[in-house]
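Here's the letter readout for the chains.
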Amino acid sequence: AGKKVALSPDDNVPPLVIVTTAGGATTSALYTFRTLVEFEKRRKDFHRHVRLITGASGGMFGAAVYRAWLRDLASDLERVPDGSSVVDGVRPEP
């Protein structure tokens, strides 16, 4: 289980997330995309803390699909009356 660690005396400092991905064709692309979506499901504002995405090959393709997925969900939310979180559009896996 994750342990909360204070990075500074001010607990209001938001986390800084740096994502690095590996190459590996479609396997890496799928793994990267699914992992980022899972982080988004667990922490609905995860994408707001990502400041850098770096990597190679398939991993970067998966990261690019994740960003496009976020953009598409955000544009769909503009049509949702309650303005809920971006992740509310994610359907659970069967």
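For the structure itself, look to the data block above.
Description of the structure in this document. (Residues numbered from 1 in each chain as written. Predicted model: local features only at pLDDT ≥ 70, side-chain atom pairs only at ≥ 80, totals over all residues. Heavy atoms only, no water.)

1. Things to note about the packing of aromatic side chains
- Counted according to the given criterion, the structure contains 3 aromatic pairs.
- Here Phe 33 and Trp 69 contribute two aromatic rings whose centre-to-centre distance is 6.2 Å and whose plane-to-plane angle is 90°, an arrangement assigned as edge-to-face. Here Phe 33, found in helix H1 (residues 25-42), pairs with Trp 69, found in helix H3 (residues 57-77); they are 36 residues apart in sequence, far enough to count as distant.
- Centre to centre, the rings of Phe 39 and Phe 46 are 5.3 Å apart; their planes meet at 45°, and the pair counts as tilted. (Phe/Tyr/Trp six-rings, centres within 6.5 Å; stacked < 30°, edge-to-face > 60°. Helix = DSSP H or I, 4+ residues; strand = E, 2+ residues; numbered from the N terminus.)

2. Here we look at the pattern of salt bridges
- In this structure the tally under the stated criterion is 3 salt bridges.
- Put simply, Arg 43 and Asp 45 hold a salt bridge, and the shortest N to O gap is 2.8 Å.
- Residue classification places Asp 45 among the partly exposed residues on the basis of a relative accessible area of 28%. (Salt bridge = Lys/Arg side-chain N within 4 Å of Asp/Glu carboxyl O. Buried < 20%, exposed > 50% of the residue type's maximum accessible area, 1.4 Å probe, protein only.)

3. Things to note about H1
- Compared with an ideal rise of 1.5 Å per residue, which puts 18 residues at 26 Å, H1 spans 26 Å between its outermost C-alpha atoms and is within 8% of the ideal.
- Restricting attention to buried positions, one finds in H1 the residues Ser 28, Ala 29, Thr 32, Leu 36, Val 37 and Glu 40. For H1, the angular spread of the buried residues around the axis is 155°, confining them to a single face. Residues Thr 26, Thr 27, Tyr 31 and Arg 42 are exposed on H1 and point more than 90 degrees away from its buried face. (Expected span 1.5 Å × (residues − 1). Arc of directions from axis to C-beta.)

4. Quick notes on unusual backbone geometry
- The phi dihedral of Ala 25 is positive, around 55°, even though this residue is not glycine.
- Along the polypeptide, Ala 25 turns up in helix H1.
- Even without being a glycine, Ser 57 presents a positive backbone phi close to 50°.
- By the element assignment, Ser 57 lies in helix H3.
- Using a relative accessible area of 54% as the deciding quantity, one classes Ser 57 as exposed.

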